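Inside the fold
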Amino acid sequence: MPRMSPFAIQLSAAEAAELRRRSTKYTLPYFQVQRAKMILLAADGLENSEIAAQLGTRRDVVSEWRKRFFVDRLAGLEERSRPGRPRTFPP
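Residues numbered from 1 in each chain as written. Predicted model: local features only at pLDDT ≥ 70, side-chain atom pairs only at ≥ 80, totals over all residues. Heavy atoms only, no water.

Quick word on the packing of helix α2 (residues 30-43) against helix α4 (residues 59-72)
The line we're drawing: Note on definitions: angles span 0 to 180 degrees between N-to-C directions of axes, and those axes are lines fitted to C-alpha atoms, for helices only across the stretch in contact. Helical segments are the DSSP runs of H or I of at least four residues, strand segments are the runs of E of at least two, and each set is numbered from the N terminus. By the definition adopted for this analysis, an angle is roughly parallel if under 35 degrees, roughly antiparallel if over 145, roughly perpendicular if from 65 to 115, and oblique otherwise. When checking whether two residues touch, look at their non-hydrogen atoms; a contact exists if any pair is within 4.5 Å. Each residue is assigned to one of three groups, with Ala, Val, Leu, Ile, Met, Phe, Trp, Tyr, Cys and Pro labelled nonpolar, Asp, Glu, Lys and Arg labelled charged, and all others, Gly among them, labelled polar.
Contact pair α2 / α4: the axes reach a minimum separation of 10 Å and the direction vectors enclose 80°. On the basis of their axis angle, the class for α2 and α4 is roughly perpendicular. Across the interface between the two elements, R35, M38, I39 and A42 from α2 touch V61, V62, W65, R66 and F69 from α4. Partitioned by chemical class, the residues of the contact of α2 with α4 number seven nonpolar, no polar and two charged.

Structure, rendered in structure tokens:
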């Protein structure tokens, strides 16, 4: 039985435009493009497993980004600081 996410995504016009811009931009890092695509597909009503299959990722990854977007909106899709020693080499 498919599991429905409790985090239903409703986008404003500005959010939808920004996510569409991010999802088609070739100069953005891959992870930002994938996150934008995940949220756009979630707003279209797809389940996490369907989104994961379409984008070639895991369902739990889609679930995490859906939840972060639901709570923090566009700011939730940005990288957060990570614990531990800082990087020695630049990315």
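Next comes the rest of the description.
Considerations on the pattern of salt bridges
Let me state the cut-off plainly: By convention in these notes, a salt bridge is any Lys or Arg side-chain nitrogen within 4 Å of a carboxyl oxygen on Asp or Glu.
In the structure shown here, the tally under the stated rule is four salt bridges. Residue E18 pairs with R21 through a salt bridge whose shortest N-O separation is 2.7 Å. Pair noted here: E18 and R21 are both in helix α1 (residues 13-24), with a separation of three residues, about one helical turn. A salt bridge links R22 to E18, with the shortest nitrogen-to-oxygen separation between them at 2.9 Å. On the criterion of helical spacing, the pair formed by R22 and E18 is a turn pair, its members being four residues apart in helix α1. In this structure, a network of salt bridges that share partners links the residues E18, R21 and R22.

Section: the environment of I39
Using the following cut-off: Note on exposure labels: buried denotes an accessible area under 20% of the residue type's maximum, exposed denotes more than 50%, and partly exposed covers the range between, all computed with a 1.4 Å probe on protein chains only.
Here I39 lies in helix α2. Classification of I39 as buried rests on a relative accessible area of 0%. Among residues more than four places away in sequence, those in contact with I39 are I9, L11, L19, W65, R66, F69 and L77.

Here we look at helix α3 (residues 48-55)
Stated precisely, the cut-off is as follows: This arc is taken over the directions from the axis of the helix to the C-beta atoms.
Among the residues of α3, those classed as buried are N48, I51, A52 and L55. Angular distribution of buried residues about the axis of α3 spans 100°; they occupy a single face of the element. Of the residues in α3, the exposed ones pointing more than 90 degrees away from the buried face are A53 and Q54. Residues of α3 that are buried in the fold lie against α2 and α4. Two residues or fewer after α3 comes G56, characterised by a positive phi angle close to 70°.

Structural notes on α2
Three- or four-residue spacings in an α-helix give side chains the same orientation, since the helix completes a turn every 3.6 residues. Keep this limit in mind: Multiply 1.5 Å by the residue count of a helix minus one, and that product is the helix's expected span.
In this model, α2 (14 residues) spans 20 Å end to end at C-alpha, consistent with the 20 Å of a helix rising 1.5 Å per residue. Every buried residue of α2 is listed here: V33, Q34, R35, A36, M38, I39, L40, L41 and A42. Positioned one or two residues after α2, G45 has a phi angle of 100°, which is positive.

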